[in-house]
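Reading the structure
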Amino acid sequence: MQLSFRPYPLQLQHTFTVSGCSRSQTPDVIIAITHQGVTGYGEASMPPYLGESIQSVCAFLERVDLSSFNDPLRTDDILTYVMHLDDDEPAAHNFAAKAAIDIALHDLVGQILGQPIWRLFGLTPERCTYTTYTIGIDTPEVVKQKVREVEGRFGRLKVKVGVEGDRELIKSIREVSDLPLTVDANQGWTSAEEALRQIEWLQTQGVIMVEQPLPKHNLEGLRWLTERSPLPIILDESVQGPEDVVRLKGCCHGINIKLMKCGGLAPARLMVQLARLQGMQVMLGCMTETTCAVTAAAQLAPCADYLDLDGNLLISNDPFRGGIQVIDGRVTLQTEPGLGLIPEFRVL
Ligand code: MG
């Protein structure tokens, strides 16, 4: 097997503002794993707050030597090798780099076996629910314009809150749309009491779920809030990998799984199982990333209560076609083998 990779910075259609930061580009690396003429694609997307960069991802990928693996179907051996490659760096955060390998390997295996990945996982595509489309923080006029642009194409909207003016933002949206809303505070509310007051009001506005209301380490506050909140509390920033699912029992109603945080589909599947075992809900999210990584995440969509898989719709230089589609607001899985991606040009 041969690995190749190339930095491919993603251009965002709109400058994206959430509680805490604002940006117009996302660093990204596209990879390919080729075996006997078949190519699987993968991707590492690095929003700055996760601590990875194009340099760190390329440095990690330089160390990956797949030449000794002759059978791509032995994914367990290959991914175990990749997972432990940075064990000598205790502070390593190479999860996006690992996710890229995991995604490309799954794509390759699916193509070799002639099946879409969701089918290899034994999942039922009709179970896929609506995906949200994310509305960033902006002026009321811009927000209303963005909502009008997507009305009719999406069944649910996700609104970034957690800053001054939350209620005005929601009211602006309600002037132009009555779609169900989810909100993401991105740790922006400072006290559990303030969060509860906001959530009680949000419930009266047709909001159905709240993501990361409090700072990620405030587990005591999150536990207090989870016991009282009329809406489900889903944690995102508090959650990285499988071990966090166990740690956060009682501090939330569910977890947001993202491939770039946990290292790919293999750990994500484990997280789904751990969440179910503990009676937690499952949300599947993504970063701003291309159709490649979004389609990879969507392979687990039949397992999820909430889907937030719009990352590829927020960029203007997506190098892939094919993969998943959003039809009438619902995630519709591809039927082609692997991820079913069609590179728009010679990516690598
Ligand atoms: Mg979030």
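Throughout, residues of each chain are indexed from 1 in the direction in which the sequence is written. In view of the model being predicted, local features appear only for residues whose pLDDT reaches at least 70, and side-chain atom pairs are presented and counted only at 80 or more, with totals across whole chains, interfaces and linings using the full set of residues. Only hydrogens and water are set aside; all other atoms, that is, all heavy atoms of the structure, feed into the side-chain values.

**Brief notes about the layout of surface pockets**
Short version of the rule: Think of a 1 Å grid over the protein atoms and nothing else: a 1.4 Å probe that fits but is trapped marks a cavity, an open set flanked by protein within 12 Å on at least five of seven lines marks a pocket, and residues with an atom within 4 Å of a point count as lining. Grid points are joined across faces, edges and corners, and a volume is the space filled by probe spheres set on the points. In this text, helices come from DSSP runs of H or I with a minimum length of four residues, and strands from runs of E with a minimum of two, each type numbered from the N-terminal end. All residues other than Ala, Val, Leu, Ile, Met, Phe, Trp, Tyr, Cys, Pro, Asp, Glu, Lys and Arg, Gly among them, are scored as polar; the first ten of these are nonpolar and the last four charged.
Counted as a void, the second largest pocket has a volume near 170 Å³. Lining the second largest pocket are Thr75, Asp76, Leu79, Thr80, Val82, Met83, His84, Lys98, Asp102, Gly263, Ala266 and Pro267. For the lining of the second largest pocket, the secondary structure elements donating two or more residues are helix H2 (75–83), helix H3 (95–113) and helix H11 (265–277). At 6 residues, H2 tops the list of elements feeding residues into the lining of the second largest pocket. Here the lining of the second largest pocket is composed, by residue class, of 5 nonpolar, 4 polar and 3 charged.

**Re the pattern of salt bridges**
When charged atoms on two side chains of opposite charge get close, those side chains can pair. Counted only if it meets this: Salt bridge criterion: a side-chain nitrogen from Lys or Arg within 4 Å of a carboxyl oxygen from Asp or Glu. For every residue, the accessible area (1.4 Å probe, protein chains only) is compared with the maximum for its type, and the residue is labelled buried under 20%, exposed over 50%, or partly exposed between those bounds.
On inspection of all chains with the given rule, the structure shows 17 salt bridges. For Glu175, the salt bridge goes to Lys144, with nearest N and O atoms at 2.8 Å. Pair noted here: Glu175 is in helix H6 (residues 166–176) and Lys144 is in helix H5 (residues 140–150), with a separation of 31 residues, a long-range link. Classification of Glu175 by relative accessible area gives exposed; the value is 58%. Overall, Lys144 belongs to the buried group, its relative accessible area being 11%. One salt bridge in this structure joins Asp236 and Lys258, with 2.8 Å as the shortest N-O distance.

**Details of the packing of H2 against H3**
The condition is simple: Angles here are taken between N-to-C directions and fall from 0 to 180 degrees, while the axes themselves are lines fitted to C-alpha atoms, restricted in helices to the stretch in contact. Each angle is binned into one of four classes, with values under 35 degrees roughly parallel, values over 145 roughly antiparallel, values of 65 to 115 roughly perpendicular, and all other values oblique. A clockwise turn of the near helix away from the far one marks a right-handed crossing, whereas an anticlockwise turn of less than a right angle marks a left-handed crossing. By definition in these notes, contact holds between two residues if any of their heavy atoms fall within 4.5 Å.
Relative orientation of the contacting elements H2 and H3 amounts to 165 degrees, with a least axis distance of 10 Å. The orientation of H2 with respect to H3, classified from their angle, is roughly antiparallel. The interaxial crossing formed by H2 with H3 has right-handed handedness. Every residue of H3 that contacts H2 at Thr75, Ile78, Leu79, Val82 and Met83 is listed here: Lys98, Ile101, Asp102, Leu105, His106 and Val109.

**Structural notes on the environment of Met260**
Looking at the element boundaries, Met260 is found in helix H10 (residues 259–262). Distance in space between the C-alpha atoms of Met260 and Glu344 is 23 Å, their sequence separation being 84 residues.

**Looking at the side chain of Thr26**
Test applied: What qualifies as a polar contact is a pair of N or O atoms within 3.5 Å, subject to a donor-acceptor requirement within protein and to the restriction that residues adjacent in sequence count only when both atoms come from side chains.
By the element assignment, Thr26 lies in strand E3 (residues 21–26). Within the structure, the side chain of Thr26 is placed 2.7 Å from the side chain of Thr288, a separation counted as a polar contact. Setting aside anything within four residues of it in sequence, one finds Thr26 in contact with Pro9, Leu10, Leu12, Ser45, Met46, Pro47 and Thr288.

**Considering the coordination of the magnesium ion**
The line we're drawing: Here the coordinating atoms are restricted to nitrogen, oxygen and sulfur within 2.8 Å of the metal centre, or 3.2 Å for Na, K and Ca, and because water is not among them the sites may look incomplete.
Taken together, the protein donors to the magnesium ion comprise Asp184 (OD), Glu211 (OE) and Asp236 (OD), at separations of 2.1 to 2.3 Å. The class for Asp236 is buried, based on a relative accessible area of 4%.

All we've got here are geometric facts, nothing functional implied.
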